[in-house]
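Here's the letter readout for the chains.
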Amino acid sequence: MSMMTTATLLSAALLLLVPGILTKESVETSPIQLMIVNSISNAPNVTHTTEIVFRGILLGAMRRLQETNTDFKFTYREDPNYGPFLVSVNGVAGDDAEHTYWELLVKNSNGVIIRPDVGIGCYIPNPNDTIILKFTKW
Ligand code: B12
Ligand SMILES: *[C@@H]1O[C@H](CO)[C@@H](O)[C@H](O)[C@H]1NC(C)=O
Ligand SMILES: *[C@@H]1O[C@H](CO)[C@@H](O)[C@H](O)[C@H]1NC(C)=O
């Protein structure tokens, strides 16, 4: 086989490979848990498992869960300055008059609970994080 043919075959092989690397099929996901806590009604906590892509935002993982699990629904509104504000989870909505809202907390794999200083559109979960959506008062 001539050098030329080898080179041609090689570039043909590369052309076949490159799209595979860049398309959806090769996007790796990591698991996260999503725990729904209602501190006002004291309904039992419910935990779901969902997936995030590399450096993906929490909102993406929540959408993925909503698409695949009929037991999880949420709504949000677009704030002009800060982006998506989580309004309701499974039909339970925050209410300004009652001073209720869905608080965003994160329990990392070491068990430490933090309160992120950004919302669902900006927070980037780490693999194995437990995201806690907690209905509470302010
Ligand atoms: C009061 C307040 C709240 C109240 C709002 C209640 C109300 N109806 O007034 C409550 C307790 C609900 C709240 C919640 C949260 N907040 Co807040 N909040 C504030 C605060 C102190 C003042 C906002 C305000 O009244 N501005 C004056 C009014 C006239 O302007 P406004 O545009 O109408 O204000 C609205 C928005 O600020 C919106 N809002 C408030 N917080 C957040 C957070 C996000 C992510 C979004 C999209 C909108 C939003 O609610 C206000 C009233 O409608 C600001 C800090 C500051 N000093 O500005 C933080 C601030 C806006 N909040 C912040 C955060 C992170 C949150 C939470 C994500 C915290 C958490 N981990 O749970 C949650 C939202 C969770 C969710 N459901 O999506 C960050 C946003 C930073 C960012 N780039 O994302 C800020 C800047 C504070 C900070 N940590 O730096 N918040
Ligand atoms: C639900 O989870 C929260 C936060 O981890 C915890 O404080 C609470 O005790 C739990 N409630 C129930 C009923 O298990
Ligand atoms: C996440 O948890 C799984 C199973 O416990 C473990 O194999 C994996 O290494 C963890 N990943 C990270 C980044 O902690």
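Attention in this report is confined to the structure presented alongside it. (Residues numbered from 1 in each chain as written. Chains lettered and ligands numbered in written order. Predicted model: local features only at pLDDT ≥ 70, side-chain atom pairs only at ≥ 80, totals over all residues. Heavy atoms only, no water.)

1. Quick notes on the side chain of Thr136
Then, in step 1: Note that Thr136 resides in strand β8 (residues 130-137).
Then, in step 2: Side chain to side chain, Thr136 and Ser39 meet in a polar contact 3.5 Å long.
Then, in step 3: Not counting the four nearest positions on each side in its chain, Thr136 is found in contact with Ser39, Ile40, His99, Thr100, Tyr101 and Glu103. (Helix = DSSP H or I, 4+ residues; strand = E, 2+ residues; numbered from the N terminus. Polar contact = N/O pair within 3.5 Å; in protein donor to acceptor, adjacent residues only side chain to side chain. Contact = heavy atoms within 4.5 Å.)

2. Observations regarding the packing of aromatic side chains
Then, in step 1: The final tally for this structure, using the stated rule, is three aromatic pairs.
Then, in step 2: Clustering of aromatic rings is evident, with ring pairs tying together Phe72, Phe74 and Tyr76. (Phe/Tyr/Trp six-rings, centres within 6.5 Å; stacked < 30°, edge-to-face > 60°.)

3. Things to note about the sheet that holds strand β4 (residues 83-89)
Paired through backbone hydrogen bonds, the strands of a sheet run either parallel or antiparallel to each other.
Then, in step 1: Read from one edge of the open sheet, three strands run β3-β4-β5, paired in antiparallel fashion. The sheet terminates laterally at β3 (74-79) and β5 (92-93), the two strands that pair on one side only.
Then, in step 2: Pairing between β4 and β5: two bridges, direction antiparallel. Along β5, the bridge assignment pairs Ser88 with Ala93.
Then, in step 3: Across the sheet, helix α2 (residues 58-68) lies against β3 and β4, angled at about 145° from β3, the strand it touches most. (Pairing = 2+ DSSP bridges. Axes fitted to C-alpha atoms, helices over the stretch in contact; angles between N-to-C directions.)

4. Quick look at the sheet that holds strand β7 (residues 113-114)
Then, in step 1: Strand order in this open sheet of five strands is β2-β1-β8-β6-β7, and the pairing throughout is mixed. Every interior strand has two partners, whereas the edge strands, β2 (46-53) and β7, have only one.
Then, in step 2: Docked against the sheet, α2 engages β1 (29-38), β2, β6 (100-107) and β8, running at close to 120° with respect to β2.

5. Describing the site of ligand 1
Then, in step 1: Taken together, 17 residues are adjacent to ligand 1, and Leu86, Asp96, Trp102, Leu104 and Pro116 come closest.
Then, in step 2: Take Leu104: an N or O atom from its main chain is 2.8 Å from an oxygen atom of ligand 1.
Then, in step 3: Here a nitrogen atom of ligand 1 and a backbone polar atom of Pro116 are 3.0 Å apart.
Then, in step 4: Of all the secondary structure elements, the ones that give two or more residues to the shell around ligand 1 are β4 and β6.
Then, in step 5: Partitioning the shell around ligand 1 into residue classes produces ten nonpolar, two polar and five charged. (Near = heavy atom within 4 Å. Nonpolar A, V, L, I, M, F, W, Y, C, P; charged D, E, K, R; others polar.)

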